[in-house]
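# A structural walkthrough
The lines below spell out each chain.
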Amino acid sequence: MDARAPHCDDLAALSRIAEILHLPDRLGSYTISSQTSKHPYECTLESAERPTDEQLSLVTCYNLLTLALVDNLEDSLFKRPAYGDSPDLSMTVNIGMMLDGVNETVPPALVEEYNAANGADWEPKASIKDYTRSPADLQRLLMILDSFYDTGLTTRGS
């Protein structure tokens, strides 16, 4: 909960979220920046090296956590060095009529998979940001992300 921030121009908050996932140790060299001059407000995590599949899972979790924990953040982008035909990884909160937003696809699918694997009956929240309204909701999101992406977020000592 200490990583929550009202504005995405708070680079220290974005860095705290990266530290939750141990990105400094697990991703290698990267930079974090934000864009708040126009909508959609976004943050960008840019890797200096080609990421592994495990690192891409961590970046997906970073994108989801930043969207959840930063109140005015609308888009979380991961840029990586160009290679082959691999695009950058971007996640956008559902804004207006956008059909591919995080709120429409990610939480419901992850909650459904978590429920099936763990015998739970959790209902998905209406917004990714709703998972940070209480410590219990945030813990639930971390458990869901850890179950799906195997990040080690909810294991002892992490």
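Our subject is the structure listed above.
Parameters at a glance
- Residues numbered from 1 in each chain as written.
- Predicted model: local features only at pLDDT ≥ 70, side-chain atom pairs only at ≥ 80, totals over all residues.
- Heavy atoms only, no water.
- Buried < 20%, exposed > 50% of the residue type's maximum accessible area, 1.4 Å probe, protein only.
- Helix = DSSP H or I, 4+ residues; strand = E, 2+ residues; numbered from the N terminus.
- Arc of directions from axis to C-beta.
- Contact = heavy atoms within 4.5 Å.
- Polar contact = N/O pair within 3.5 Å; in protein donor to acceptor, adjacent residues only side chain to side chain.
- Core = buried A, V, L, I, M, F, W, Y, C linked by side-chain atoms within 4.5 Å.
- Axes fitted to C-alpha atoms, helices over the stretch in contact; angles between N-to-C directions.
- Parallel < 35°, antiparallel > 145°, perpendicular 65-115°, else oblique.
- Left-handed = near helix turned anticlockwise from the far one by under 90°.
- Nonpolar A, V, L, I, M, F, W, Y, C, P; charged D, E, K, R; others polar.
- Pairing = 2+ DSSP bridges.
- Right-handed = clockwise from strand over helix to strand, strands pointing away.
- Phe/Tyr/Trp six-rings, centres within 6.5 Å; stacked < 30°, edge-to-face > 60°.

Let us look at helix 1 (residues 11–20). Among the residues of helix 1, Ala13, Leu14, Ile17 and Ala18 are the ones counted as buried. Axial view of helix 1: buried residues confined to an arc of 150 degrees, hence all on one face. Residues of helix 1 that are buried sit in contact with helix 2 (23–26), strand 1 (30–35), strand 2 (42–47) and helix 3 (53–69). Between a side-chain oxygen at the N-terminus of helix 1 and the backbone nitrogen of Ala12 the separation is 3.2 Å; the capping residue is Asp10. His22 sits one or two positions beyond helix 1 and adopts a positive phi of about 60 degrees.

By size, the foremost hydrophobic cluster in this structure holds 41 residues, and its most contacted members are Tyr62 and Leu145. Of all elements in the fold, only helix 1, strand 2, helix 3, helix 4 (102–118) and helix 5 (135–149) reach the threshold of two or more residues within this core. For this core, the leading source of residues is helix 3, giving 10 residues.

Packing of helix 3 against helix 5 brings their axes to within 10 Å, and their N-to-C directions diverge by 160 degrees. With respect to each other, helix 3 and helix 5 are oriented roughly antiparallel. Regarding helix 3 and helix 5, the two cross each other, and that crossing is right-handed. Contact residues: helix 3 offers Ser57, Thr60, Cys61, Leu64, Leu65, Ala68 and Leu69, while helix 5 offers Leu138, Leu141, Leu142, Leu145 and Tyr149. Class assignment of the residues belonging to the contact of helix 3 with helix 5 gives a composition of 10 nonpolar, two polar and no charged.

We now examine the pairing of strand 2. As paired elements, strand 1 and strand 2 share six bridges and run antiparallel to each other. Within the sheet, the bridge partner assigned to Ile32 lies in strand 2 and is Leu45. Counting the residues in the hairpin turn of strand 1 and strand 2 gives six residues. Bridging between strand 2 and strand 3 (residues 75–79) involves five bridges; their strand directions are parallel. Bridged to Thr44 within strand 3 is Leu77. Note on the crossover from strand 2 through helix 3 to strand 3: the handedness is right-handed.

Right, let's get into the packing of aromatic side chains. The geometry of an aromatic ring pair comes down to the distance between the two centres and the angle between the two planes. Applying the stated criterion to the full structure yields two aromatic pairs. Ring centres 4.7 Å apart and planes at 80 degrees place the aromatic pair Phe148 and Tyr149 in the edge-to-face group. Note on Phe148: relative accessible area 35%, which makes it partly exposed. Among the residues examined, Tyr149 registers a relative accessible area of 17% and is labelled buried.

Looking at the secondary structure, you find Ser76 in strand 3. A relative accessible area of 0% means that Ser76 is categorised as buried. Among the polar contacts made by the side chain of Ser76, one reaches the side chain of Asn63 at a distance of 2.8 Å. Within the structure, the side chain of Ser76 is placed 2.9 Å from the side chain of Thr66, a separation counted as a polar contact.

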